[in-house]
Amino acid sequence: MKYRAFFSAPAAPTVGDGAALRHPVAQAAPPDSASVNVPRPEYGMPRTSAMHRMPPVLQFVVPVDANLSGYLINAALQRHLAGADSRAVCDEVYMIALRQGFHATINVQEVVAAGMPSFPGQRILTTLVMVDLQHA
């Protein structure tokens with residue numbers, strides 16, 4: 001699978017330069033594993049907070065046929081409901097696009113929010129999947 005970038009960023013401003021943390025799948029040499037996708041207290045929630053995963057959001061960067069976009073969105077939702085992680089959702093979208101005659105370049109960002117009244121004491125995580133489809 002080809003992903004141009006795979007990012008994970010906190011909902012609150014980061015300490016230091018403010019750059020997003022890179023997920024190890026996008027790097028040849030992964031950074032220190034303690035710094036990747038680890039909740040930090042300065043983001044508003046303690047390290048032991050529970051996580052609530054929301055369904056992924058697919059955003060198409062070029063106009064796409066409504067049937068194809070609906071098919072890809074439903075496939076991503078089904079993978080999410082089956083308990084798949086962000087990587088598996090992207091793999092599914094990529095493979096379906098390929099079977100439909102498209103090459104998909106996928107950029108991903110995981111968005112984390114804390115302090116939401118509907119989920120007290122939990123962090124909310126959703127995945128934004130940006131898809132650029134080109135005819136193969």
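It should be emphasised that the depicted structure is a prediction, and the values quoted were computed from it without experimental measurement. (Residues numbered from 1 in each chain as written. Predicted model: local features only at pLDDT ≥ 70, side-chain atom pairs only at ≥ 80, totals over all residues. Heavy atoms only, no water.)

Colleague: Help me out: how do you make sense of the overall build of the protein in this one?
Modeller: Each helix and strand in the protein was counted, giving two helices and six strands. Going from N to C terminus, the protein has its helices and strands arranged as β-β-β-β-α-α-β-β. Classification of the 136 residues of the protein by burial places 32% in the buried group. Here the analysis covers contacts within the protein between residues at least 6 apart in sequence; of these, 64% occur between residues at least 24 apart. Per element, the accessible surface of the protein, about 7,800 Å² overall, is 57% carbon and sulfur. (Helix = DSSP H or I, 4+ residues; strand = E, 2+ residues; numbered from the N terminus. Buried < 20%, exposed > 50% of the residue type's maximum accessible area, 1.4 Å probe, protein only. Contact = heavy atoms within 4.5 Å. Areas by Shrake-Rupley, 256 points an atom, 1.4 Å probe, with all protein chains shown as cover.)

Colleague: It is not clear to me how the pattern of salt bridges should be interpreted in this structure. Could you clarify?
Modeller: Oppositely charged side chains can pair when the atoms bearing their charge come close. On inspection of all chains with the given rule, the structure shows one salt bridge. Measuring nitrogen to oxygen at the nearest pair gives 3.8 Å for the salt bridge that ties Asp-91 to Arg-87. Taken together, the positions of Asp-91 and Arg-87, both in helix H2 (residues 86-99) and four residues apart, correspond to about one turn of that helix. Overall, the relative accessible area of 28% leaves Arg-87 in the partly exposed class. (Salt bridge = Lys/Arg side-chain N within 4 Å of Asp/Glu carboxyl O.)

Colleague: Help me understand the pairing of strand S6 (residues 122-135), please; the structure alone is not making it clear to me.
Modeller: As a general feature of sheets, a regular strand has side chains that alternate between the two faces. Bridging between strand S3 (residues 50-53) and S6 involves four bridges; their strand directions are parallel. Along S6, the bridge assignment pairs His-52 with Ile-124. The sheet contact formed by strand S4 (residues 57-60) and S6 spans four bridges and is parallel. Paired with Val-57 across the strands is Leu-128, a residue of S6. (Pairing = 2+ DSSP bridges.)

Colleague: Could you clarify how one ought to interpret helix H1 (residues 66-81) in this entry?
Modeller: For an α-helix, the turn length of 3.6 residues means that residues three or four places apart are oriented alike. Here H1 spans 22 Å end to end across 16 residues, near enough to the 22 Å set by a 1.5 Å rise per residue. Within H1, the full set of buried residues consists of Leu-68, Ser-69, Leu-72, Ala-75, Ala-76 and His-80. Along the long axis of H1, the arc covered by the buried residues comes to 140°, so they all point the same way. Along H1, exposed side chains directed more than 90 degrees from the buried face belong to Ala-66, Asn-67, Gln-78 and Leu-81. Buried residues along H1 sit in contact with S3, S4, H2, strand S5 (102-114) and S6. The backbone nitrogen of Asn-67 has a side-chain oxygen 3.2 Å away, supplied by the residue at the start of H1, namely Asp-65. One or two positions beyond H1, positive phi appears at Gly-83, with a value near 95°. (Expected span 1.5 Å × (residues − 1). Arc of directions from axis to C-beta. Polar contact = N/O pair within 3.5 Å; in protein donor to acceptor, adjacent residues only side chain to side chain.)

Colleague: Would you explain the nonpolar core in this entry?
Modeller: Soluble globular proteins tend to bury their nonpolar side chains together. By size, the foremost hydrophobic cluster in this structure holds 19 residues, and its most contacted members are Leu-58, Leu-72, Val-93, Ala-104, Ile-106, Val-131 and Leu-133. Counting only elements with at least two residues in this core, the list comes to S4, H1, H2, S5 and S6. (Core = buried A, V, L, I, M, F, W, Y, C linked by side-chain atoms within 4.5 Å.)

Colleague: What is the right way to read the environment of Ile-106 from this model?
Modeller: Position of Ile-106 among the secondary structure elements: in strand S5. Here the alpha-carbon distance between Ile-106 and Leu-58, two residues 48 residues apart in the chain, equals 9.9 Å.

The values reported here are purely geometric and, on their own, carry no functional implication.
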